[in-house]
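A closer look at the structure
Spelled out from the first residue to the last, the chains are:
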Amino acid sequence: MSTHETTSPSKRHKHQSPANHYFSYIASILLTMIAFLLVMYGGLDKTFLYGFLLFMALIQVALQLSYWMHMKEKGHLFPIVGIIFGGIVALTAVAAAVFWMWW
């Protein structure tokens, strides 16, 4: 008898269709074009523009992580926890630097 196990079809990695990648790529290009056009327009309040650009960047990050880095699939909890922890460390460092400079 062979000790080699075959994996059942339910445990195999589900292959994504290229349509998901096309959607993500087109959405990323559209978000970048919208952000570029808003900055080129120049008639908007800077506070609104900065907030809107940050919002667009967060959407872009979510798209990139979910479709290109496959974070929406099962079994990716550890990398997600690492990314969240890295974000908390980065925000803490920025807050400490701002507090240190303005205090």
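Quick caveat: nothing in here was measured; it's all calculated off a predicted structure. (Residues numbered from 1 in each chain as written. Predicted model: local features only at pLDDT ≥ 70, side-chain atom pairs only at ≥ 80, totals over all residues. Heavy atoms only, no water.)

**Some remarks on the overall build of the chain**
Within the chain, the secondary structure is distributed over three helices and zero strands. In sequence order, the chain lays out its α and β elements as α-α-α. The buried share of the chain, taken over its 103 residues, is 15%. Counting only contacts in the chain whose residues sit at least 6 apart along the sequence, the fraction spanning at least 24 positions is 60%. Counting only carbon and sulfur atoms, one obtains 75% of the accessible surface of the chain, whose full area is about 9100 Å². (Helix = DSSP H or I, 4+ residues; strand = E, 2+ residues; numbered from the N terminus. Buried < 20%, exposed > 50% of the residue type's maximum accessible area, 1.4 Å probe, protein only. Contact = heavy atoms within 4.5 Å. Areas by Shrake-Rupley, 256 points an atom, 1.4 Å probe, with all protein chains shown as cover.)

**Thoughts on the nonpolar core**
The biggest cluster of nonpolar side chains holds five residues, and these are A27, L31, M56, L63 and Y67. Among the secondary structure elements, those contributing two or more residues to this core are α1 (18-41) and α2 (46-68). With three residues, α2 is the largest single contributor of residues to this core. (Core = buried A, V, L, I, M, F, W, Y, C linked by side-chain atoms within 4.5 Å.)

**A short note on the packing of aromatic side chains**
By the definition in use, this model includes one aromatic pair. Each ring, one from F48 and one from F52, has its centre 5.8 Å from the other, and the planes form 20°; the classification is stacked. In this pair, F48 and F52 both sit in helix α2, four residues apart, roughly one turn of the helix. The exposure class of F48 is partly exposed, given its relative accessible area of 46%. (Phe/Tyr/Trp six-rings, centres within 6.5 Å; stacked < 30°, edge-to-face > 60°.)

**Details of the packing of α1 against α2**
Between α1 and α2, the least distance of the axes is 10 Å, while the angle of their chain directions is 165°. In terms of axis orientation, α1 runs roughly antiparallel to α2. For the crossing formed where α1 meets α2, the hand is left-handed. (Axes fitted to C-alpha atoms, helices over the stretch in contact; angles between N-to-C directions. Parallel < 35°, antiparallel > 145°, perpendicular 65-115°, else oblique. Left-handed = near helix turned anticlockwise from the far one by under 90°.)

**Some points on the confidence of the model for the chain**
Mean pLDDT over the chain: 82, with 84% of residues reaching 70 or higher. Here α1 stands out as the least confident element of the chain, with mean pLDDT 87; helix α3 (residues 77-102) is the most confident, with 91. (pLDDT = per-residue confidence, 0-100.)

**Remarks on α1**
For α1, built from 24 residues, the straight-helix expectation of 34 Å at 1.5 Å per residue is met to within 8% by its first-to-last C-alpha distance of 34 Å. As for α1, its buried residues are in contact with α2. G42, located one to two residues past α1, shows a positive phi value of around 75°. (Expected span 1.5 Å × (residues − 1).)

**Side note on a nonpolar patch on the surface**
Nonpolar side chains collect at one region of the surface, where Y22, Y25, I26, I29, L30, M33, W68 and M69 lie side by side and expose about 860 Å² of accessible area between them. Per-element tally for the nonpolar patch: the top contributor is α1, with six residues. Within the secondary structure layout, Y25 lies in helix α1. (Patch = residues over 30% accessible without salt bridge, like charges linked within 9 Å, V, L, I, M, F, W, Y side chains within 5 Å. Salt bridge = Lys/Arg side-chain N within 4 Å of Asp/Glu carboxyl O.)

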